[in-house]
Amino acid sequence: MNYKAAWLVLWLLWTPLLLAQGQPEGNAETPAVTEAPPGGDFALHSSKGVFALKDYRGKVVLLYFGYTQCPDVCPTSLSYLAQALNELDEKELEKVVGVFVSVDPKRDTPELLDEYVDYFHPNFMGVTGGEKELADAAARYGAQYYEVELEGSAFGYAVNHSAATYLIAPNGELRFIFPHGTSPVVISEAIRYVLEGN
């Protein structure tokens, strides 16, 4: 086993602790995932119609909850995910999709989401939904979000949200939760690890 593989195995062995204990405590702008989530299927909406997670069986899904007007956390996370996907070869890329769930449906239309995620990587798609649909999807993955009024700002409000990325295996099982700032190398190696049937 080479150094890179050994390091990944150690990191993956630590990940169940993250699933059990939640993310390291976040600041006021990035609420932490507070408990080990069950994961599971949900349905939201994309510009192409209904998005159902179960329709992506056979692929690794990288799931992230955020919004397009997020000033730094979302762009950083999506950039890291794009870098991770850029490490994969063409055959591996065919089996991976990134799903950006907007928790700001009042401003983020499916068409705006398409434009936003296309900036980062062609394997990304944007989805959103109604208040209850989003709350149900977020609850399955332990994601937290809430609006904060911005006095005197043209934006009106911001959405504080947890910043974890969830790796869902081809069988639909939630396998790993990556805290904000996880190295793209770790993410790409974890994708390969899961694609190899581990």
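Residues numbered from 1 in each chain as written. Predicted model: local features only at pLDDT ≥ 70, side-chain atom pairs only at ≥ 80, totals over all residues. Heavy atoms only, no water.

Chemist: Could you give an account of the nonpolar core, naming the residues involved and the relevant values?
Modeler: Within soluble globular proteins, side chains that are nonpolar generally end up buried alongside one another. Ranked by internal contacts, the top residues of the largest apolar core, which has 56 residues, are Leu63, Phe65, Val99, Tyr141, Tyr166, Leu167 and Ile191. Here this core takes seven residues from helix α2 (residues 73-86), the largest share from any one element. (Core = buried A, V, L, I, M, F, W, Y, C linked by side-chain atoms within 4.5 Å. Buried < 20%, exposed > 50% of the residue type's maximum accessible area, 1.4 Å probe, protein only. Helix = DSSP H or I, 4+ residues; strand = E, 2+ residues; numbered from the N terminus.)

Chemist: Outline the state of the cysteines, listing residues and values.
Modeler: According to the stated counting rule, one finds zero disulfides in the structure shown. The cysteine Cys70 is free of any disulfide, with Cys74 supplying the nearest cysteine sulfur at 3.4 Å. A relative accessible area of 0% places Cys74 in the buried class. (Disulfide = S-S within 2.5 Å.)

Chemist: Before we move on, could you go through the sheet that holds strand β9 (residues 174-178) and cite the residues and values that matter?
Modeler: The mixed open sheet is built from five strands, whose spatial order is β5-β4-β3-β8-β9. In this open sheet, the two strands that pair with only one neighbour each are β5 (124-127) and β9. Going across the sheet, the axis of each strand differs from the next one's by a mean of 25°, ignoring polarity. With seven bridges joining them, strand β3 (residues 60-66) and strand β4 (residues 96-102) adopt parallel strand pairing. Bridged to Leu63 within β4 is Val99. Along the sheet, helix α4 (residues 110-118) contacts β4 and β5; its crossing angle with β5, the most-contacted strand, is approximately 155°. With respect to the sheet, helix α6 (residues 184-195) is in contact with β3, β4, β8 (165-168) and β9, its orientation differing from that of β9 by roughly 175°. (Pairing = 2+ DSSP bridges. Axes fitted to C-alpha atoms, helices over the stretch in contact; angles between N-to-C directions. Contact = heavy atoms within 4.5 Å.)

In short, the description is geometric, and any link to function would need to be established separately.
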